[in-house]
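Chain by chain, the residues run as shown.
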Amino acid sequence: MIRIADLYAGIGGIRLGFEQAFGKENVDCVFTSEIDKHAVTTYSANFGEENIYGDIREISAHEIPNHDIFANHFLLLV
């Protein structure tokens, strides 16, 4: 199981890519951060509302669960 933390998630394109590459059953998105309310609405419709947080600037680093891959719209860190 690959555990990802998805920041600046938008509507979930990066997550979708991981799910398509590794299989949906092999990807666990443990944390999602997105500030745009319209993007959150779409993201929730696509993936459900679990683990969606708002503005990353208001979340401390210790609140982000352990993960294997830290992904965001601008940069992918492994």
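Refer to the structure presented above.
Numbering of residues starts from 1 in every chain and runs along the sequence as written. Given that this is a predicted model, residues contribute local features only at a pLDDT of at least 70 and side-chain atom pairs are listed and counted only at 80 or more, while totals for whole chains, interfaces and linings are drawn from all residues. Hydrogens are left out, water is left out, and the side-chain values use all remaining heavy atoms of the structure.

*Asks:* Explain the nonpolar core to me, using residue names and the numbers behind them.
*Replies:* Take the buried residues of types Ala, Val, Leu, Ile, Met, Phe, Trp, Tyr and Cys, join any two whose side-chain atoms come within 4.5 Å, and each joined set is a nonpolar core. Residue exposure (1.4 Å probe, protein chains only): buried if accessible area is under 20% of the type maximum, exposed if over 50%, otherwise partly exposed. If you look at the biggest cluster of nonpolar residues, it comprises 10 residues: Ile2, Ile4, Ala9, Phe18, Val27, Cys29, Tyr43, Phe47, Ile69 and Ala71. Counting only elements with at least two residues in this core, the list comes to strand E1 (2-7), strand E2 (27-33), helix H2 (37-47) and strand E4 (69-72). Residues contacting Ala9, with those up to four places away along its chain left out, are Thr32, Ser33, Glu34 and Tyr43. Helix numbers and strand numbers start at the N terminus; a helix is a DSSP run of H or I with at least 4 residues, a strand a run of E with at least 2. Should any heavy atoms of two residues lie within 4.5 Å, those residues are considered in contact.

*Asks:* Quick one: what's the story with the pattern of salt bridges, residue by residue and with numbers?
*Replies:* For this document, the term salt bridge refers to a Lys or Arg side-chain nitrogen within 4 Å of an Asp or Glu carboxyl oxygen. If you walk through the whole model with that rule in mind, you get three salt bridges. Between Asp28 and Arg3 there is a salt bridge whose closest N-O contact spans 3.9 Å. You can see Asp28 sitting in strand E2 and its partner Arg3 sitting in strand E1, a full 25 residues away along the chain.

*Asks:* Got a sec to walk through H2? Specific residues and values, please.
*Replies:* In an α-helix there are 3.6 residues to a turn, and that puts residues three or four apart on one side. Residues Ala39, Tyr43, Ser44 and Phe47 constitute the buried set of H2. What you see down the axis of H2 is that its buried residues fit within an arc of 135 degrees, all on one side. Along H2, exposed side chains directed more than 90 degrees from the buried face belong to Lys37, His38, Thr41 and Ala45. Contacts from the buried residues of H2 go to E1, helix H1 (13-22), E2 and strand E3 (52-53). The first or second residue beyond H2 is Gly48, which carries a positive phi of 95 degrees. When we speak of the arc, we mean the arc of directions from the helix axis to the C-beta atoms.

*Asks:* How would you sum up the environment of Thr32? Please name residues and give values.
*Replies:* Relative to the helices and strands, Thr32 resides in strand E2. Each C-alpha atom, one on Thr32 and one on Arg57, is 13 Å from the other, the two residues being 25 residues apart in sequence. Those residues in contact with Thr32 that lie beyond four places of it in its chain are Asp6, Ala9, Arg15, Tyr43, Asn51, Ile52 and Tyr53.

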